[in-house]
Amino acid sequence: INDNGKINKADYERRTYFLAQQRGYEIDSPEYLQIRQRIMADWEQLSFYVDEDADGQITLTEFLAYSEYVLSDDKMWYENSEETASFVIEVCDVDGDGSITRDEYGVFFKSYNMTEDQIQFAFEKLDADGDGQVTRKEIVMGLDQFGKSENPDDAGNYIFGPLE
């Protein structure tokens, strides 16, 4: 989030704070604490598996090495994709209906510094059936494409915005 080329706990804290602001949650409110708990649990899991030197920073090299490892095993990749989809649904789905609207998607991905145009483009790509909702199945499909597709036009390659 701070463009230092590394992922760390502070990036996840900032994401939590940003989401709370966007949703109007007061710091220390039950809603804030719930979303913070889920986002920080994601950080803890990521850092446990990816931060090879345990310095509290995940470098691009560490991230790519872990991604290559996970992609080398179809079962592990599928389980990772399911967990990521669960995380995205849980954090984005404000109304609790099990899918994500464009607005819900937008609030979350603004915390990744995506622009409104990038958010709209990515959402339209992920919404495979064009019903205005992104489901867990569509996220898993998108993540599979993101990790495995060689086709730059596949929807999953836009899950985190346009690749630059």
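Values in this document were obtained by computation on a predicted structure and should not be read as measured data.

A.B. asks: So what's going on with unusual backbone geometry? Residues and values would help.
C.D. replies: Positive phi is not limited to glycine here, since Asp28 has a value of about 75 degrees. Tracing the sequence through the fold places Asp28 in the loop between helix H1 (9-23) and helix H2 (30-50). Judged by relative accessible area, which is 58%, Asp28 ranks as exposed.

A.B. asks: Quick one: what's the story with the packing of H1 against H2, residue by residue and with numbers?
C.D. replies: Where H1 meets H2, the axes come as close as 9 Å, and the angle between the chain directions of the two elements is 155 degrees. By the angle class used here, H1 and H2 are roughly antiparallel. Relative to H2, the crossing made by H1 is right-handed. Only Tyr32, Ile35, Arg36, Ile39, Met40, Asp42, Trp43, Glu44 and Leu46 of H2 make contact with H1, whose side of the interface consists of Lys9, Tyr12, Glu13, Arg15, Thr16, Tyr17, Leu19, Ala20 and Arg23. Looking at side-chain class alone, the contact of H1 with H2 contains 10 nonpolar, one polar and seven charged residues.

A.B. asks: Can you tell me about the environment of Tyr25, naming the residues and giving the values?
C.D. replies: Turning to its location among the elements, Tyr25 is positioned in the loop between H1 and H2. Through-space distance from the C-alpha of Tyr25 to that of Tyr112 is 19 Å; in sequence the pair is 87 residues apart. Excluding its chain neighbours within four sequence positions, the residues that come into contact with Tyr25 are Ala20, Glu31, Tyr32 and Val94.

A.B. asks: Let's hear about helix H6 (residues 116-126): which residues, and what values?
C.D. replies: For H6, every residue scored as buried is listed here: Gln118, Ile119, Ala122, Phe123 and Leu126. Buried residues in H6, looked at end-on, bunch into an arc of 125 degrees, giving them a common side. Along H6, exposed side chains directed more than 90 degrees from the buried face belong to Asp117 and Glu124. On its buried side, H6 packs onto strand S3 (99-100), helix H5 (102-110), strand S4 (134-135) and helix H7 (136-148).

A.B. asks: Could you give an account of the nonpolar core, with specific residues and numbers?
C.D. replies: Counting 34 residues, the largest nonpolar core has Leu19, Ile39, Val91, Ile100, Tyr105, Phe108 and Ile139 as its most contacted members. For this core, the secondary structure elements donating two or more residues are H1, H2, helix H3 (60-71), helix H4 (74-92), H5, H6 and H7. Among the elements that line this core, the one with the most residues is H4, at seven residues. When sequence neighbours within four positions are dropped, the list of residues in contact with Phe108 reads Arg15, Leu19, Phe87, Val91 and Cys92.

A.B. asks: Report on H7, specifying residues and quantitative values.
C.D. replies: Three- or four-residue spacings in an α-helix give side chains the same orientation, since the helix completes a turn every 3.6 residues. A rise of 1.5 Å per residue sets the reference length of H7, with its 13 residues, at 18 Å; its end C-alpha atoms lie 18 Å apart and thus fit the reference within 8%. All of the buried residues along H7 are Glu138, Ile139, Val140, Gly142, Leu143 and Gln145. Those residues of H7 that are buried lie in contact with H4, S3, H6 and S4.

Cut-offs and rules
- Residues numbered from 1 in each chain as written.
- Predicted model: local features only at pLDDT ≥ 70, side-chain atom pairs only at ≥ 80, totals over all residues.
- Heavy atoms only, no water.
- Helix = DSSP H or I, 4+ residues; strand = E, 2+ residues; numbered from the N terminus.
- Buried < 20%, exposed > 50% of the residue type's maximum accessible area, 1.4 Å probe, protein only.
- Axes fitted to C-alpha atoms, helices over the stretch in contact; angles between N-to-C directions.
- Parallel < 35°, antiparallel > 145°, perpendicular 65-115°, else oblique.
- Left-handed = near helix turned anticlockwise from the far one by under 90°.
- Contact = heavy atoms within 4.5 Å.
- Nonpolar A, V, L, I, M, F, W, Y, C, P; charged D, E, K, R; others polar.
- Arc of directions from axis to C-beta.
- Core = buried A, V, L, I, M, F, W, Y, C linked by side-chain atoms within 4.5 Å.
- Expected span 1.5 Å × (residues − 1).

This is a description of form; function is not addressed.
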